[in-house]
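# Structural description and commentary
Read off the chains here:
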Amino acid sequence: MTATMTDTPPPAAPKAAGASQRSGRSLGQILVIVAGALLLLAAVRMITGSNSLDSAGQVGAALGLAVPIGLAGLAGLWSERSGVVNIGLEGMMILGTFGAGWVGWQSSPWLGLLCGIGFGVLGGLLHAVATVTFGVDHIVSGVAINLLALGATQYLAKLFFAGGSAANAGGNPKQSPPVGSLPQVTVPGLSSGLHSLEQHHWFLVSDLAGIIGGLVTDLSVVTILAAVLFVGSWWVLWRTPFGLRLRSCGENPTAAESLGVNVYKYKYLAVAVSGGLAGLGGAFLALVTSHTYLEGQTAGRGYIGLAAMIFGNWRPGGLAMGAGLFGYSDALQLRNGGTTVHALLLLLVILLVVLAGWKLYRTSLWQGAISLIVAALVLLWYLVTDEVPSDFVGATPYVVTLLVLSLSAQRLRMPKADGMRYRKGQGK
């Protein structure tokens, strides 16, 4: 993402078909990485005795916290793939929380869900008008939407929730009355069987049972919808002509225009979808996480969603893994976080040693030496303590955000025209 507005570059010479089009890993590589991660996690659990490390409860809590982050990141992916930087995701999520809480308590949570999406779409369209039509700096417009959404919802909450029937139902200037619950899904038979396997604490078998059990127990319908949206976004953006045209607007809109693509239309559609997804993430917080609208309940998840998108290299698969990582780190403070984070210190030591070995193999001596030194310090911390202080546990999601961005910065490949000003006909 760029913080300054520049003109769109002239069309580049076309590359050979398939050249530099696949920057992601193959399915085999992904499976090897996942298998290695599971084996390492199981080994750390056995060594430390921290059975909550990958328990069904921990995984379920992580999934619930990952969904709004993932939806915010998916919203950013749609927008930035069309060439529009969307820093306003936080504000669109705030609009979604208010819309869901406002309509949800008066009618039904389903209508609240739709209203949350609609409020997010309005925020996205406002961002599109400012950036696409009027050429406002994308960062400036996004920050303005964040401030506008915060101020507008605070005012409207005082107007609609502080008196009358809303106050009698439990509302106040900072929150809405309680909203009804959306349905939850549990796979019958499978969930109880996996729970039984998890309680045996067998190596790898119980770990797999705990992870899968957390993914099939008490799932909100919005969580299932989010999973469908991730798969659908991948298919639409990478497997359809519509997605190819939209991504071309983010790579080189001038060249796309020369091929007959209505760049303005695709940018507007992408940013509107972005706003709707962010609004859905906000509605999840209001309807599933807390069953009420609360002032400040987004807590920066729009920004963390952007970090997950960057970690995922502007691709849905990597974004989903990044959201899961941030959700897991956020869930630690809810479930015996001190001892679990202490066990994760050993996992961090192993990863740092592996990273140091790779850097030394690639003759990056300074980076390898620094990784070894940090690994030694973390190992010392692990050996001389039994539990991580609660203050550090609360900061874990933000520490993970910084570490992930710093470690993934060297492999990023953002859309080439992301954040650049585009004017129709400028390539003629």
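Just so it is clear, the model here is predicted, and its values are computed rather than measured. Every chain is numbered independently, its residues counted from 1 as its sequence is written. Selection of residues for local features in this predicted model requires a pLDDT of at least 70, selection of side-chain atom pairs for listing and counting requires 80 or more, and totals for whole chains, interfaces and linings are taken over all residues. Note: side-chain values were computed over all heavy atoms of the structure, leaving out hydrogens and water.

## Brief notes about the overall build of the protein chain
Put simply, the rule reads: Runs of E in the DSSP output that reach at least two residues are strands. Runs of H or I that reach at least four are helices, and both are numbered from the N terminus. Exposed residues in this analysis have more than 50% of their type's maximum accessible area, buried residues have under 20%, and partly exposed residues fall in between, with area computed by a 1.4 Å probe over protein chains only.
The helix and strand inventory of the protein chain stands at 17 helices and two strands. The buried share of the protein chain, taken over its 428 residues, is 46%.

## Remarks on the packing of helix α4 (residues 109-133) against helix α12 (residues 263-289)
Test applied: To define axes, lines are fitted to C-alpha atoms, for helices over the stretch in contact only, and angles between the resulting N-to-C directions are given on a 0 to 180 degree scale. By definition, turning the near helix anticlockwise from the far helix through less than a right angle yields a left-handed crossing, and turning it clockwise yields a right-handed one. As a working rule, the residues Ala, Val, Leu, Ile, Met, Phe, Trp, Tyr, Cys and Pro are called nonpolar, Asp, Glu, Lys and Arg charged, and the rest polar, with Gly in that last group.
At a minimum axis separation of 6 Å, α4 and α12 run at an interaxial angle of 145°. For the pair α4 and α12, the crossing hand works out as right-handed. Considering only residue class, the contact of α4 with α12 consists of 15 nonpolar, nine polar and one charged.

## Details of the packing of aromatic side chains
To keep things clear, this is the line we draw: Stacked, edge-to-face and tilted are the three classes for Phe, Tyr and Trp ring pairs, Trp counted by its six-membered ring, which pair at centre distances within 6.5 Å; planes under 30 degrees apart are stacked, over 60 edge-to-face, the rest tilted.
By the definition in use, this model includes 10 aromatic pairs. Judged by centre distance (5.1 Å) and plane angle (25°), the ring pair of tryptophan 102 and phenylalanine 160 falls under stacked. Of the two residues, tryptophan 102 sits in helix α3 (residues 89-106) while phenylalanine 160 sits in helix α5 (residues 138-161), which places them 58 residues apart along the sequence. By relative accessible area, which is 32% here, phenylalanine 160 ends up partly exposed. Ring centres of phenylalanine 242 and tyrosine 266 lie 5.3 Å apart, and the angle between their planes is 35°; this geometry places the pair in the tilted category. Of this pair, phenylalanine 242 sits in helix α10 (residues 241-251) while tyrosine 266 sits in helix α12; the two residues are 24 residues apart in sequence, bridging distant segments of the chain. On the accessibility criterion, tyrosine 266 (7% relative accessible area) is buried. Taken together through their ring pairs, the aromatic side chains of Phe98, Trp102, Phe119, Phe160, Phe161 and Tyr293 make up a single cluster.

## A short note on the confidence of the model for the protein chain
Convention followed: The predictor attaches a confidence to each residue, and that confidence, scored 0 to 100, is pLDDT. Contacts are assigned to residue pairs with any non-hydrogen atoms lying within 4.5 Å of each other.
Counting all residues, the mean pLDDT for the protein chain is 86, and 90% of those residues have values of 70 or more. Low pLDDT, under 50, characterises residues 1-6; the stretch is placed with 26 contacts to residues that sit more than four places away or in other chains. This stretch, residues 9-23, has a pLDDT under 50; its non-local contacts, to residues over four places away or in other chains, come to 13 contacts.

## Let's talk about a nonpolar patch on the surface
Under the convention used in this document: Like-charged residues are merged into a patch within 9 Å and nonpolar side chains (Val, Leu, Ile, Met, Phe, Trp, Tyr) within 5 Å, provided each residue has over 30% relative accessible area and no salt bridge. Using a 1.4 Å probe, the Shrake-Rupley method yields the accessible areas, and only the shown protein chains count as cover for residues. Salt-bridge detection follows one rule: a side-chain nitrogen of Lys or Arg within 4 Å of a carboxyl oxygen of Asp or Glu.
Together, Val129, Phe134, Val136 and Val140 make up a nonpolar patch on the protein surface, roughly 340 Å² of accessible area in all. Inspection of the secondary structure puts valine 140 in helix α5.

## Brief notes about the nonpolar core
What counts is decided by this rule: The criterion is simple. A nonpolar core is a set of buried Ala, Val, Leu, Ile, Met, Phe, Trp, Tyr and Cys residues joined through side-chain atoms within 4.5 Å.
Counting 37 residues, the largest nonpolar core has Met309, Leu319 and Phe326 as the members making the most contacts within it. Of all the secondary-structure elements, those providing two or more residues to this core are α2 (56-81), α3, α9 (221-239), α10, α12, α13 (301-311) and α14 (316-331). With residues up to four places along the chain from it excluded, the contact list for methionine 309 reads Gly73, Gly76, Leu77, Glu80, Trp314 and Leu319. Residues Leu65, Tyr328, Leu347 and Ala375 belong to the second largest nonpolar core, which totals 21 residues.

## Remarks on the side chain of serine 274
Heads up, the condition is: Polar contact criterion, stated in full: a pair of N or O atoms within 3.5 Å, where within protein one must be able to donate a hydrogen and the other to accept it, and residues adjacent in sequence count only if both atoms are side-chain atoms.
For serine 274, the location among the structural elements is in helix α12. Given the relative accessible area of 0%, serine 274 is considered buried. One polar contact links the side chain of serine 274 to the main-chain carbonyl oxygen of alanine 75, over a distance of 2.6 Å.

## Some details on helix α16 (residues 365-384)
Put simply, the rule reads: By this rule the span expected of a helix is its residue count minus one, scaled by 1.5 Å. Arc definition: directions from the helix axis to the C-beta atoms.
Taking 1.5 Å per residue as the helical rise, α16 with its 20 residues ought to reach 28 Å, and the 29 Å between its terminal C-alpha atoms agrees with that figure. Listed in full, the buried residues belonging to α16 are Gly368, Ser371, Ala375, Val378 and Tyr382. Angularly, the buried residues of α16 cover 90° about the axis, an arc narrow enough to put them on a single face. For α16, the exposed residues set more than 90 degrees away from the buried face come down to Leu365, Trp366, Ile373, Leu377 and Val384.

## Some details on the side chain of threonine 153
By the secondary structure assignment, threonine 153 is in helix α5. Polar side-chain contacts of threonine 153 include one of 2.7 Å to the backbone oxygen of alanine 149. Residue contacts for threonine 153: discarding those within four places in its chain leaves Ile94, Leu95, Phe98 and Tyr293.

## A look at the environment of methionine 93
The topology assignment puts methionine 93 in helix α3. For methionine 93, a relative accessible area of 0% corresponds to the buried category. Considering only alpha carbons, one finds methionine 93 and phenylalanine 119, 26 residues apart in sequence, at a separation of 8.8 Å. Beyond its immediate chain neighbours, meaning those up to four positions away, methionine 93 contacts Pro68, Ala72, Ala278, Gly281, Gly282, Leu285, Thr298, Arg301 and Gly302.

## Things to note about unusual backbone geometry
Here the phi dihedral of leucine 204 falls at roughly 70°; this positive angle occurs in a residue that is not glycine. Leucine 204 sits in the partly exposed class, given a relative accessible area of 24%. For asparagine 313, which is not a glycine, the phi torsion comes out positive at approximately 60°. For asparagine 313, the location among the structural elements is in the loop between α13 and α14. Overall, the relative accessible area of 8% leaves asparagine 313 in the buried class.

## A closer look at the environment of glycine 120
Structurally, the position occupied by glycine 120 is in helix α4. Taking C-alpha positions, glycine 120 is 7.3 Å from leucine 277, a pair spaced 157 residues apart along the chain. The residues contacting glycine 120, other than those within four sequence positions of it, are Met92, Gly275, Gly276 and Gly279.

## With respect to the packing of α9 against α14
Selection rule: Should an angle fall under 35 degrees it is called roughly parallel, over 145 degrees roughly antiparallel, and 65 to 115 degrees roughly perpendicular, with every other angle called oblique.
The N-to-C vectors of α9 and α14 enclose an angle of 155°; their axes lie 10 Å apart at closest approach. The pairing of α9 with α14 is recorded here as roughly antiparallel in orientation. On the side of α9, the interface is formed by Phe230, Trp234 and Trp238, while α14 contributes Pro316, Leu319 and Ala320. Here the contact of α9 with α14 is composed, by residue class, of six nonpolar, no polar and no charged.

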